[in-house]
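Architecture and fold: a report
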Amino acid sequence: MRYESGVIFGDNENQEYVYMPGSEIGVDSPMCVYESDGRRLDVNLYEALRLIRVRALRHAKHPVLGTSSC
């Protein structure tokens, strides 16, 4: 799976999102954000990809960020 710049993966019904902030794009060890149950957690790229697969998250529109995290 390729992580494209600014793409937000999520489930709008469950208010669950995974994305990479624009400031992390291109760094050696980027961190991503996982939002669920009103909380934000920093996760590494591998965990973000695992969450996207396990939770079956798809491209989504974030309620605050819109369609891009950049």
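In what follows, the structure referred to is the one given above.
Fair warning: this is a prediction, and the values are worked out from it, not measured in the lab.

Thresholds applied
- Residues numbered from 1 in each chain as written.
- Predicted model: local features only at pLDDT ≥ 70, side-chain atom pairs only at ≥ 80, totals over all residues.
- Heavy atoms only, no water.
- Helix = DSSP H or I, 4+ residues; strand = E, 2+ residues; numbered from the N terminus.
- Rg over C-alpha atoms; globule rule 2.2 N^0.38 Å.
- Buried < 20%, exposed > 50% of the residue type's maximum accessible area, 1.4 Å probe, protein only.
- Contact = heavy atoms within 4.5 Å.
- Areas by Shrake-Rupley, 256 points an atom, 1.4 Å probe, with all protein chains shown as cover.
- Lys, Arg positive; Asp, Glu negative; His and termini not counted.
- Charge placed at Lys NZ, Arg CZ, Asp CG, Glu CD.
- Salt bridge = Lys/Arg side-chain N within 4 Å of Asp/Glu carboxyl O.
- Core = buried A, V, L, I, M, F, W, Y, C linked by side-chain atoms within 4.5 Å.

**Things to note about the overall build of the protein**
Within the protein, the regular secondary structure consists of one helix and five strands. Scanning the protein from its N terminus toward the C terminus, one meets helices and strands in the order β-β-β-β-α-β. The globule rule puts the C-alpha radius of gyration for 70 residues at 11 Å, and the 11 Å found for the protein is close to it. When the backbone C-alpha atoms are referred to their principal axes, the protein occupies close to 35 × 25 × 20 Å. Across the 70 residues in the protein, those meeting the buried criterion constitute 39%. Taking all contacts inside the protein whose residues are at least 6 apart in sequence as the whole, residues at least 24 apart take part in 46%. About 4600 Å² of surface is accessible on the protein, with carbon and sulfur atoms providing 46% of the total. Mean positive and mean negative side-chain charge positions of the protein (8 and 10 charges, respectively) differ by 4 Å.

**Observations concerning the pattern of salt bridges**
For the structure shown, the criterion picks out three salt bridges. Where Glu35 meets Arg40, a salt bridge forms, and the shortest distance between an N and an O atom there is 3.1 Å. For Glu35, a relative accessible area of 11% puts it in the buried group. Under the relative-accessibility criterion, Arg40 is labelled exposed at 61%.

**Looking at the nonpolar core**
Of all hydrophobic cores here, the largest spans twelve residues; its members are Val7, Phe9, Val18, Met20, Cys32, Tyr34, Val43, Ala48, Leu49, Leu51, Ile52 and Leu57. The set of elements that each furnish at least two residues to this core consists of strand E3 (31–36) and helix H1 (45–54). In terms of residue count, H1 provides more of this core than any other element does, four residues in total. With sequence-adjacent residues up to four places away left out, Leu51 is seen in contact with Val18, Tyr34, Val43, Ala56 and Leu57.

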